[in-house]
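A closer look at the structure
The residues making up each chain are set out below.
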Amino acid sequence: MNEKIIVANKGLVKAEFAFWVGEYLDKFYDNLENKKIVGNKCPKCGDVFVPPRKVCGKCNIVIPLEENWVDLPETGELINYTITHYKVNDRSDRKVKKPQIIGIIKIDGSSTGLVYRLLDLEPEEVKIGMKMKIKWEENPKGDPSDIQGFIKA
Ligand SMILES: [Zn+2]
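Bear in mind the structure is a predicted one, so any value in this text is a computation, not a measurement. (Residues numbered from 1 in each chain as written. Predicted model: local features only at pLDDT ≥ 70, side-chain atom pairs only at ≥ 80, totals over all residues.)

1. Quick look at the sheet that holds strand β1 (residues 37-41)
- The three strands lie next to each other as β2-β1-β5, forming an open sheet whose pairing is antiparallel. The sheet terminates laterally at β2 (48-49) and β5 (69-72), the two strands that pair on one side only.
- Sheet topology note: the β1/β5 ladder contains four bridges and is antiparallel. Within the sheet, the bridge partner assigned to I37 lies in β5 and is L72. (Pairing = 2+ DSSP bridges. Helix = DSSP H or I, 4+ residues; strand = E, 2+ residues; numbered from the N terminus.)

As C-alpha cells, this is what we get:
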C-alpha cells in the first residue's frame, strides 16, 4: 500500500463571489443608495421589518412584494450593545487598536433591530435606550456598507 503524507499549511483563502439577495432586500439596498430606510409591514400583525422580510415569522404568512412598504426615519433606539476588541469582518487582522462598540438599533417605527457599529462614542457614554441616528457613507452604492454606523442623535 502506498501511503501519502499530507502537509497542511495554515492560511486564508480569499474568494470573490456574488450572490443575489432576493427581491425584498434588493429593494432595501436600492433605497440605501438614496440614503433612505424602508421596511415592510405584516398585513396581519402589523410588525414592521427592517430589513424587510418575505415571511412574517409570527403569522407565517407571505408579505406581498408589491405592497406594505413603509418609509422609515434614519433614527432609532439602542436596544443592546457589546464592546469588542476584535474586528468583526476582517479575520486577517482581527485585533483593533480601539475597542469597537457594536449595537442593535431599532429604527423608529419598526419592530426589529439592525446590527451596526456605534461611532463617535466612548464606551462609558453608551446607554441602552439612547437615541441614535444613521451615519451615512458619503457615496452610497446600494449595499450594507452605505450605513457606516450609528451615532448619537
Ligand atoms: Zn405578522
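Next, the rest of the story.
2. A word on the nonpolar core
- Judged by nonpolar contacts, the single largest core of 18 residues is most densely connected at V50, I105, I107, L114, Y116, L118 and F150.
- Where this core is concerned, the elements lending two or more residues are α1 (23-32), β6 (75-86), β7 (95-107), β8 (113-118), β9 (131-136) and β10 (147-152).
- Here L118 is in contact with Y81, I101, G103, V126, G149 and F150, once residues within four sequence places are set aside. (Core = buried A, V, L, I, M, F, W, Y, C linked by C-beta atoms within 7 Å. Buried ≥ 20, exposed ≤ 12 C-beta atoms within 10 Å, placed from the backbone. Contact = placed C-beta atoms within 7 Å.)

3. Overview of the environment of S111
- Checked against the element boundaries, S111 lands in the loop between β7 and β8.
- The class for S111 is partly exposed, based on 17 C-beta atoms found within 10 Å.
- Through-space distance from the C-alpha of S111 to that of V50 is 7.7 Å; in sequence the pair is 61 residues apart.
- Those residues in contact with S111 that lie beyond four places of it in its chain are D47, V48 and F49.

4. Remarks on unusual backbone geometry
- A cis amide bond links V50 to the next residue, P51, at an omega of -5 degrees.
- The residue P51 is located in the loop between β2 and β3 (55-56) in this model.
- Despite not being glycine, N60 has its phi angle at roughly 55 degrees, a positive value.
- Mapped onto the elements, N60 comes out in the loop between β3 and β4 (61-62).
- Among the residues examined, N60 registers 8 C-beta atoms within 10 Å and is labelled exposed.
- With a phi angle near 55 degrees, D120 is a residue other than glycine that sits in the positive phi range.
- Residue position: D120 is located in the loop between β8 and β9.
- The class for D120 is exposed, based on 10 C-beta atoms found within 10 Å.

Any link to function would need more than the numbers given here.
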